[in-house]
Every structure is written in C-alpha cells, then in structure tokens.
Amino acid sequence: MEKITIRVYNIVGDGICVEAEDGQKIYEQLKKALETGHRVILSFQNVEMVTSAFLNTAVGQLYRDFDEKKIKDSLAVEDMLPPDIILLKRVVETAKIYYKDPERLKRSIDEILGD
Amino acid sequence: MDKFELNNVDATFDGYQKLIDLYQYYKSKAFTQMELNIKKWLGANLCSALGGILDKLADENYNVVSSIDASPDTKKIIQKNGFLSHFGYDDLYDKNHTTVKYLKLKPTDGKYFKNYVVDDLLNHPELANITPELKRKIVESIYEMFVNAQIHSHSSDIYACGQFYPQKKKIEFTITDTGIGFRANANKKFNVNLTSEQAIKWAIGQGHTTKTGTSGGIGLALLKEFITKNKSKLQIISNDGFYEYSGEKNTEYTKKFINYFPGTIINMQFRTDDKSAYYSDITQSMENIF
C-alpha cells in the first residue's frame, strides 16, 4: 500500500509540540491513514521538543483503535530528536499497558487506599 | 478597607498555609477592599499562587485589592516580575535579571505560553551558563506541568512565575491553577474517597491518569525522575494536601493543611549547577518504537 508522510511541524505550526489539542490533529490524520490501509512516515523534521501529553494524544490513542501489529507494520517515525524518541517509546509502552488492561488503574487506586 | 498581614511567605508548608489563611479569611466576605501587607519575605515565584488567590476572591465574591504594601526589597522584586502591575502599580526594570515574569493566561493560550517560555525563560540571561541539556529538561518540565493544568484543572486561568537565586544556584518556577484539584479529579474518575495527599501521591505514579479513554500519566513521573537526578525539590499543593519530594534525599513528605487552597500549585526547584548528562550519553534508534 502507498506510503504517505505526515509532517508534525506543518500540522502543529511550530517546532514545540506541547498541547494535547495539537496531538489530536496528528492523531486524526494518522487514524484516517491507517483506516485506509496506508503506511505512514510520521516526520518530526524541525520539531524541537514534544510533551508526553502531545504524544499520548497523537500516537498513544492509536493503541485504542488498532492492534499492535497493525501499528507496527504501518507506522514509522523520521527525524525525531533522541530525547523525543525516548519519550515516544515511553508513551507507546504506557499506551500498550493501558489499553491492554484498563482495570490496572483502578487497582493502583486500591493500592493507595490500602496504604 | 480590610487589612491582612502576610508574614514570611516562603516555599514551605507554613508559607503555603499562610496563603491558604489569606484565602480563607476573605472567602466568606464580599465586596471587600483588601489591604495586603506583605511583611518580611515573599518568595517571588509564589506570586503565581498569590495571584490565583486574589483573582479567585475577586471572581467569587467581588473582593478586590485596594493596596499591597511590602518591605522595600519585596515590593521591588514583585514590581520587577510584573505581579504588582496587575494591581495598580508600575513595573520596574529588572536590571539584575533574576525574575521570570508573572504570567496569567487562559488554558487556551498555549501558543502564548510557548512564547513566554522561549522569551522569558530559554533566553533568560541567568540560563546562559547552564548546560543545554539541563535547560531542555527544565523547559520540558515546565511545559509538562502547564499542559497538566490545561487538561486536568478545569481552571479559568493558569498562573506562572519564576525566580532565580543565583547565589544558591537554583531557579524556582511555580504554576498555579484555581481549578478542581487532584482529589476531586481522582475521586470523580474512580468513585472513591481519596484524601488530597493520597490523590497527589497516586497522580505522580507512572501511567496514573484521570483522563477518560486515553492513556497518560507520564508528565509528573518524568518530573519526579528529573528532580531526583537534579537533586532538587518538587512541591504539590492541591486543596488541603501538601506533598514535597526531595530529589537529593529521595524522600517524600505529605501533610494536611488547615482549610484548603482553591486549586493546585506546582512548585519546582531546579539546581542550575547540575552538569549531569541527560541526553548526550544516549543513542536512540527509530526502529522498533511501536
């Protein structure tokens, strides 16, 4: 299937990607692309910094809508700064755990109550 | 006119308790002309919290500030950071460059906050001599806390302010909201009855989020990890809960206030003489991310 490039810098409008709202714009494009069977390069060219909130919304949500294999086979990133790659990996791992076991959060609350 | 004395307001449990006392004193009054007398010390970054309280008192019950008196040094610094200009006083030029401007903004003013961080923090003369990696970590932390306030607080305004302490080699930066607080968020989400202290401790855990249907809960965990490596300090005040984490000692401390702060304060202390490698010793592959 055709490969497309989604450019974060262009969608957000600048190189500092902080807000969840901006992440939502990325997510909507990624979701559409994956739903229509495209392979996607998510380009972070000229992006200087991202927050976890931005990435949770931009990428993390995909794990709610698609299985891991689909995302793994369809999505790649390009031109991401090393600190942001570390953060993205953490966001992805957190999302995998969360969507696999949403009850885990409730159990963590029970643990605090038990303290 | 109704006078209130704020005596020695620093970033300690007692200091925050004094701010809470101020709010509690006036919250049952209405249409009052408040005369504040700030005696001795006010940690200038705590203007973030003080501004939130004063606006809350105005919004809720039309209590307005008629005057703010302070010792000459304190008054000077809170004119330099722009705080007093919100209450009828002139700004002063900060020739020592130790202040980071007081900022009040809407949660929707994300772009404006980004510009503030770039102009007032990243390009701040006091940050010129810190390592680029440390600068990035500090800025990342501040962005993460701002966006937390945006997402979770349901506050009409968010307040930010910072202060450099060059001799102590540290910067303190405070983000405040006058929203619903950690406790209400967690209790509503999980239908439980956590105390504020429990809610704060829970929220700092990796992956712990009150967002519905979306993963998250990384920002505070990241901040705590940075504070540990930086050997500095994090304080979270939310409603009647006080939480303090010492990165140097790796210890947590919580305590309950008498009465409550109407929202949340995140106070971050960072050491500016930290030469730790935060990024330079890593190589990261873009393979196998997903």
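As a starting point, this report considers the structure included with it. Position numbers for residues count from 1 along each chain, tracking the sequence in the order it is written. Naming scheme: in the order in which they are written, chains are lettered from A and ligands are numbered from 1. With the structure being a predicted model, the display of local features is reserved for residues of pLDDT at least 70 and the display and counting of side-chain atom pairs for 80 or more, all residues being used for whole-chain, interface and lining totals.

Quick word on the overall build of chain A
Labels follow the DSSP assignment, with helices taken as runs of H or I lasting at least four residues and strands as runs of E lasting at least two, numbered in each case from the N terminus. Per the secondary structure count, chain A includes 7 helices and 5 strands. Oriented by its inertia axes, the alpha-carbon framework of chain A measures out at about 50 × 30 × 25 Å. Each residue is classified by how many other C-beta atoms fall within 10 Å of its C-beta atom, where C-beta atoms are placed from the backbone; a count of 20 or more means buried, 12 or fewer means exposed, and values in between mean partly exposed. Residue burial in chain A is summarised as follows: out of 115 residues, 39% are buried. Contact definition: two residues whose C-beta atoms, as placed from backbone geometry, lie within 7 Å. Sequence-distant contacts, at least 24 apart, represent 84% of the contacts inside chain A between residues at least 6 apart.

Remarks on the overall build of chain B
In terms of regular secondary structure, chain B is built from 8 helices and 8 strands. In this treatment the radius of gyration is a C-alpha quantity, and the globule benchmark scales as 2.2 Å times the residue count to the 0.38 power. Taken against the 2.2 N^0.38 rule, which gives 19 Å for 290 residues, the C-alpha radius of gyration of chain B at 19 Å falls within 12% of a compact globule. When burial is assessed residue by residue, chain B has 49% of its 290 residues classed as buried. The contacts in chain B between residues at least 6 apart in sequence include a share of 68% that link residues at least 24 apart.

Description of helix α3 (residues 52-60) of chain A
Within α3 of chain A, 9 of the 9 residues are buried, which leaves it mostly tucked inside the rest of the structure. If you check which residues of α3 of chain A are buried, you get S52, A53, F54, L55, N56, T57, A58, V59 and G60 of chain A.

Section: the nonpolar core
Residue and element names in this part refer to chain B. Defined on buried residues, the nonpolar core groups Ala, Val, Leu, Ile, Met, Phe, Trp, Tyr and Cys residues joined through C-beta atoms within 7 Å. Core analysis: the largest hydrophobic core is formed by 110 residues, its most contacted members being L19, F146 and C161. Top contributing element to this core by residue count: helix α5 (residues 132-152), with 9 residues. Every residue in contact with F146, bar those within four places of it in the chain, is listed here: F113, I158 and I175.

Things to note about helix α3 (residues 72-80) of chain B
Residue and element names in this part refer to chain B. The complete set of buried residues in α3 reads T74, I77, I78 and K80. All buried residues of α3 lie within an arc of 155° about the axis, which places them on one face of the element. Two residues or fewer after α3 comes G82, characterised by a positive phi angle close to 90°. Starting at the helix axis, one direction is taken to each C-beta atom, and the arc is that of these directions.

What to know about the interface of chain B and chain A
Between chain B and chain A, the contact holds 32 residues from the first and 39 residues from the second. For the side of chain B that touches chain A, the secondary-structure elements that each account for two or more residues are α4 (110-122), α5, α7 (196-204) and α8 (219-230) of chain B. The element that contributes the greatest number of residues to the side of chain B that touches chain A is α5 of chain B, accounting for 7 residues. For this classification, the nonpolar set comprises Ala, Val, Leu, Ile, Met, Phe, Trp, Tyr, Cys and Pro, the charged set comprises Asp, Glu, Lys and Arg, and every other residue, Gly included, is treated as polar. Among the residues making up the side of chain B that touches chain A, the classes are represented as 14 nonpolar, 13 polar and 5 charged.

Comments concerning the pairing of strand β5 (residues 158-165) of chain B
Residues and elements named next belong to chain B. Here β5 lies mainly inside the structure; 7 of its 8 residues are buried. Strand pairing is defined by DSSP finding a minimum of two bridges between the two strands. Bridging between strand β4 (residues 99-105) and β5 involves 5 bridges; their strand directions are antiparallel. Bridge pairing links L105 to I158 in β5. Here β5 runs beside strand β6 (residues 170-177); their pairing, made up of 8 bridges, is antiparallel. Residue pairing in the sheet places Y165 in a bridge with K170 of β6. The antiparallel pairing of β5 with β6 creates a hairpin that spans 4 residues between the two strands, and K169 there sits at a positive phi of about 55°.

Quick notes on the sheet that holds β5 of chain B
Paired through their backbone hydrogen bonds, the strands of a sheet run either parallel or antiparallel. Residues and elements named next belong to chain B. Spatially, β4-β5-β6-β8-β7 is the arrangement adopted by the 5 strands of the open sheet, whose pairing is antiparallel. What marks the edges here is a single partner per strand, and that holds for β4 and β7 (233-246). The sheet shows a mean angle of 15° between the axes of neighbouring strands, direction not considered. Between N-to-C directions, angles span 0 to 180 degrees; the directions come from axes that are lines fitted to C-alpha atoms, helices contributing only their stretch in contact. Contacts from helix α1 (residues 13-27) reach β7 and β8 (251-271) within the one sheet, and its direction differs from that of β8 by about 140°. Running over the sheet, α7 touches β7 and β8 and is turned about 45° from β7.

Digging into the environment of I158 of chain B
Residues and elements named next belong to chain B. Relative to the elements of secondary structure, I158 occurs in strand β5. Judged by the 26 C-beta atoms lying within 10 Å of it, I158 is buried. In sequence terms I158 and Y25 are 133 residues apart; their C-alpha atoms lie 23 Å from each other. Not counting the four nearest positions on each side in its chain, I158 is found in contact with L105, P107, F146, A149, I175 and D177.

Notes on the sheet that holds strand β3 (residues 39-43) of chain A
Residues and elements named next belong to chain A. With parallel pairing, the 3 strands of this open sheet are ordered in space as β1-β3-β5. The outermost strands of the open sheet, each flanked by one partner alone, are β1 (3-7) and β5 (75-78). Neighbouring strand axes in the sheet, compared pairwise and without regard to direction, differ in orientation by 25° on average. Alignment of β3 against β5, held across 4 bridges, turns out to be parallel. Within β5, the position partnered with S43 by the bridge is E78. The strands that helix α2 (residues 20-35) touches are β1 and β3; relative to β1, the one it contacts most, it runs at about 175°.

Re the packing of α2 of chain A against α3 of chain A
How two helices sit against one another is set out by the angle between their axes and by the gap between those axes. Residues and elements named next belong to chain A. Two numbers describe how α2 lies on α3: the axes approach to 7 Å, and their chain directions differ by 25°. Between α2 and α3, the angle is such that the two are roughly parallel. When you trace α2 past α3, the crossing you get is right-handed. In this structure, α2 uses A20, D22, G23, Q24, I26 and Y27 to contact α3, whose residues at the interface are A53, F54, L55, N56, T57 and A58. Of the residues assigned to the contact of α2 with α3, the class counts are 7 nonpolar, 4 polar and 1 charged. Oblique is the label for every angle not falling under 35 degrees (roughly parallel), over 145 degrees (roughly antiparallel), or within 65 to 115 degrees (roughly perpendicular). What makes a crossing left-handed is the near helix being turned counterclockwise from the far one by less than a right angle; a clockwise turn instead makes it right-handed.

Overview of the environment of D94 of chain B
Residue and element names in this part refer to chain B. You can see D94 is positioned in the loop between α3 and β4. We classify D94 as partly exposed; it has 17 C-beta atoms within 10 Å. Taking the C-alpha atoms as reference, D94 lies 9.8 Å from G82; in sequence the two are 12 residues apart. Those residues in contact with D94 that lie beyond four places of it in its chain are K80 and T99.

Honestly, it's all geometry; don't read function into it.
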